[in-house]
Amino acid sequence: MLPFLRFFASGSDRPLLPNQSQIDQRYRRHRKLIMTGITLGYALGYTCRLGLSVVKKPLIDAGVFNAEQLGVIGSALFYAYAFGKLVNGFLADHANVKRFYAVGLLGSALINLTMGWSTGFWVWVVLWGVNGWFQGFGAPSGIVALSHWFGHRERGRFYGLWSTSHSLGEGLTFLGSAALVSWLGWRGGFQGPGMICVATAAVVYLLLQDRPQTLGLPAITTWKDDPVATRRAGQSTWDAQLSVLKLPSIWILALASATMYMTRYGMNSWGMLYLQESKGYSALQAGAFLALNPVAGVLGCIAYGYLSDLFFDARRPPMNLICGVMEVAALLVMFLSPPGHPVVLTVAFLAYGFSINGLITSLGGLFAVDIAPKQAAGAVMGFVGVFSYVGAAIQERISGLLIEHGTTFVNGIRHYDFHRVTYYWIGCSIVSLVLAASLWRTTIRN
C-alpha cells in the first residue's frame, strides 16, 4: 500500500521563488485555473451521482425495481459517500489534490459505465455504493484546494462560486440526463455521464495543483497577509484534525446539515417521481421544473458568499436564518398548491433553489471551515459530510418506504399518495432551521 499512498501524497516544499512579481503572477494564474478545475470537476461529477434519480420512473414502469428497492440502492450511495467523504477528508489534508481528485472522478465514471450490464438488485446496491465512495473524493479535494489557495477574508465569495457546481451539476442531470433517458432509455442516464466524466478527470488533473509551497510559492496566509487564518499555524495537521471533534458547534452544525440534506435529497431523488405522479407532468416537464432549482441555486450560492462576507463581516448565521425561512416557505407552496398552476410552482422552485443552495454553501461546508483550523479543512468537511449523507441515506430509505406504502392499485393502475413524505421533508427543514439558528453567536476560530 505504501507506493499507492505515496502516489497521492503532497509533494515536498520547494525553495521560495526570489522574484515577487513572478510569485504574484503564478499565484493569480493558478488560482484561476484551480477555481475552474474544482468547479467544473464537481459540476460534471455530479451527473455521475444523480443518474439514479432520473431513471426511477422508467425502472419502476419496466418492473426492474420497485420504490422500496430503489430506496435501498439510493441509500447505498449515500452511506458509502458519507464515510468515503470522512476518510477521504482526512486523507485530502495530506494529499496532492491534483491526483486525488482526478482518480476519484475517473472511478465514479467507470462505475456509471458499468451500470446496466446487470439488473440484479444486489449488483446495483454494490455498484452504486462503490460509486458513492469514489464521489467522496470530490468535496474534500475542493475545500482543501480552496483553503490552500484562498485566504479567509475572501473565502465566502470563492466558496460560493465553487458551490455553484452543485447547482450546475443538478441542472445538467435533470435536463441532460432526462433527455438522454427519453432518447436512449434508462441506460443512457448512466452511460452519458460516465463518458463525460472520463474526460473531466483528465481536465481536472491538468488544471489543479498541489499546495503553493510545492511550487516555490509562499503560503496563502503570507501572500494575502491574512492574520485570522494564521492563528493556529503552530498546530500539526493531525492535532488540528482531532480538535474538530472537540467543538460542540461543529456537532450541532453537522446535525443541521444532516436534516437539511434530508430535504435536499428528498427532492433530488424523488422530485421527478413526485412531479410526474402528483402534479401530472411529463418526464421532460418535471425535469424542467427541477432544473429551476440549480438555475436559482447558482445565484443563491454566489449571493450567500458575497452577502455574508461583505454585509455581515464573514458571519454566516444571519444568512442561514434568511435562507432557512425562505426554504420552508417555498416548500409549503410547492407541496400544498394544487396541480395546474405552473407559474406558482415555477416561483416556488426558484425560491427553493435559491435558498437551499445558500444553505448547502454554509451548512454543507463553509461555516464549518470557518470554525475549524485551516489545516483540518478536509477533515471538517468530511465530518460534516458524514452527518449530511447519512441523513440523505436515512431519508432515501424513509422516503422509499413512505412512497411505497402510500401506493395503491385501482383497476391495475398505480396511484401514489405523497402527503406523508412531503410532510416529512418539510419537518426536516424546520429542524435544520432551528439547529442552525442556535449557532447565532458562534465565532470564527481560524
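A short tour of the structure in this document, coming up. Bear in mind that the values here come from a model prediction, so they are computed numbers and not experimental data. (Residues numbered from 1 in each chain as written. Predicted model: local features only at pLDDT ≥ 70, side-chain atom pairs only at ≥ 80, totals over all residues. Heavy atoms only, no water.)

## With respect to the overall build of the protein chain
Within the protein chain, the regular secondary structure consists of 18 helices and two strands. For the protein chain, whose C-alpha radius of gyration is 21 Å, the value lies close to the compact-globule estimate of 22 Å for 446 residues. In terms of principal-axis extent, the alpha carbons of the protein chain reach across some 80 × 45 × 35 Å. Each of the 446 residues in the protein chain was classed as buried or not, and the buried ones make up 59%. Counted over contacts in the protein chain with a minimum sequence separation of 6, partners at least 24 positions apart contribute 84%. Total accessible area computed for the protein chain in this model is approximately 16,900 Å², and 68% of it derives from carbon and sulfur atoms. Here the protein chain contributes 32 positive and 19 negative side-chain charges, whose respective centroids are spaced 5 Å apart. (Helix = DSSP H or I, 4+ residues; strand = E, 2+ residues; numbered from the N terminus. Rg over C-alpha atoms; globule rule 2.2 N^0.38 Å. Buried < 20%, exposed > 50% of the residue type's maximum accessible area, 1.4 Å probe, protein only. Contact = heavy atoms within 4.5 Å. Areas by Shrake-Rupley, 256 points an atom, 1.4 Å probe, with all protein chains shown as cover. Lys, Arg positive; Asp, Glu negative; His and termini not counted. Charge placed at Lys NZ, Arg CZ, Asp CG, Glu CD.)

## Structural notes on the packing of helix H13 (residues 248-277) against helix H18 (residues 419-437)
For any two helices packed against each other, the geometry comes down to the angle between their axes and how far apart the axes lie. Here H13 crosses H18 at 155 degrees, and the two axes come no closer than 8 Å. Considered as vectors, H13 and H18 are oriented roughly antiparallel to each other. Remark: the crossing between H13 and H18 carries left-handed chirality. Contacts between H13 and H18 involve Ile252, Leu255, Ala256, Thr259, Met260, Met262, Thr263, Gly266, Met267, Trp270 and Tyr274 from the first element and Thr422, Tyr424, Trp425, Cys428, Ser429, Val431, Ser432, Leu435 and Ala436 from the second. A class-by-class count of the residues in the contact of H13 with H18 yields 14 nonpolar, six polar and no charged. (Axes fitted to C-alpha atoms, helices over the stretch in contact; angles between N-to-C directions. Parallel < 35°, antiparallel > 145°, perpendicular 65-115°, else oblique. Left-handed = near helix turned anticlockwise from the far one by under 90°. Nonpolar A, V, L, I, M, F, W, Y, C, P; charged D, E, K, R; others polar.)

## Some remarks on the packing of aromatic side chains
A complete count under the given rule lists 30 aromatic pairs for this structure. Note on Phe383 and Phe387: the rings are 5.2 Å apart at their centroids and 55 degrees apart in plane angle, and the pair reads as tilted. Of this pair, Phe383 and Phe387 are both found in helix H17 (residues 377-405), four residues apart, which corresponds to roughly one turn of the helix. Chaining the aromatic ring pairs together yields one cluster made of Phe65, Phe121, Trp122, Trp124, Trp128, Trp186 and Phe190. The residue whose ring lies beneath Lys56 is Trp270, and the NZ or CZ to ring-centre distance is 3.6 Å. (Phe/Tyr/Trp six-rings, centres within 6.5 Å; stacked < 30°, edge-to-face > 60°. Lys NZ or Arg CZ within 6 Å of the ring centre and 35° of its normal.)

## Things to note about the environment of Gly297
Here Gly297 shows up in helix H14 (residues 283-310). On the accessibility criterion, Gly297 (0% relative accessible area) is buried. Put simply, Gly297 and Gly358 are 61 residues apart on the chain and 7.3 Å apart in space, counted from C-alpha to C-alpha. Setting aside residues up to four positions removed in sequence, Gly297 forms contacts with Ser167, Gly353, Phe354 and Asn357.

## A closer look at the packing of H13 against helix H16 (residues 342-371)
Direction vectors running N to C along H13 and H16 enclose 150 degrees, while the axes themselves pass 10 Å from each other. The angle between H13 and H16 places the two elements in the roughly antiparallel class. For the pair H13 and H16, the crossing hand works out as left-handed. In this structure, H13 contributes Ser249, Ile250, Leu253, Ala256, Ser257, Met260, Tyr261, Thr263, Arg264, Met267 and Leu275 to the contact, and H16 contributes Leu345, Phe349, Tyr352, Ile356, Leu359, Ile360, Leu363, Gly364, Phe367, Ala368 and Ile371. A per-class count over the contact of H13 with H16 returns 17 nonpolar, four polar and one charged.

## A few points about the pattern of salt bridges
Throughout the structure, instances matching the rule amount to three salt bridges. Notably, a salt bridge pairs Arg397 with Glu68, separated by 3.8 Å at the nearest N-O pair. One end of the pair, Arg397, is in helix H17; the other, Glu68, is in helix H5 (residues 67-92), with 329 residues separating them in the sequence. In this structure Glu68 comes out as partly exposed when scored by relative accessible area, which is 28%. (Salt bridge = Lys/Arg side-chain N within 4 Å of Asp/Glu carboxyl O.)

## Notes on a nonpolar patch on the surface
A cluster of nonpolar side chains, Tyr79, Phe83, Val87, Leu91, Trp133 and Ile394, forms an exposed patch at the surface whose accessible area comes to about 500 Å². The element contributing the most residues to the nonpolar patch is H5, with four residues. With respect to the helices and strands, Val87 occurs in helix H5. (Patch = residues over 30% accessible without salt bridge, like charges linked within 9 Å, V, L, I, M, F, W, Y side chains within 5 Å.)

## Observations regarding the environment of Tyr304
With respect to the helices and strands, Tyr304 occurs in helix H14. The sequence separation of Tyr304 and Asp417 amounts to 113 residues, and the corresponding C-alpha distance is 35 Å. Excluding its chain neighbours within four sequence positions, the residues that come into contact with Tyr304 are Arg316, Met319, Asn320, Cys323, Gly358, Thr361, Ser362 and Leu366.

## Digging into the state of the cysteines
Following the criterion strictly, the structure yields zero disulfides and no others. Left unpaired, Cys323 is separated from the closest cysteine sulfur, that of Cys301, by 9.5 Å. With no disulfide of its own, Cys428 lies 18 Å from the sulfur of Cys323, the closest cysteine sulfur. (Disulfide = S-S within 2.5 Å.)

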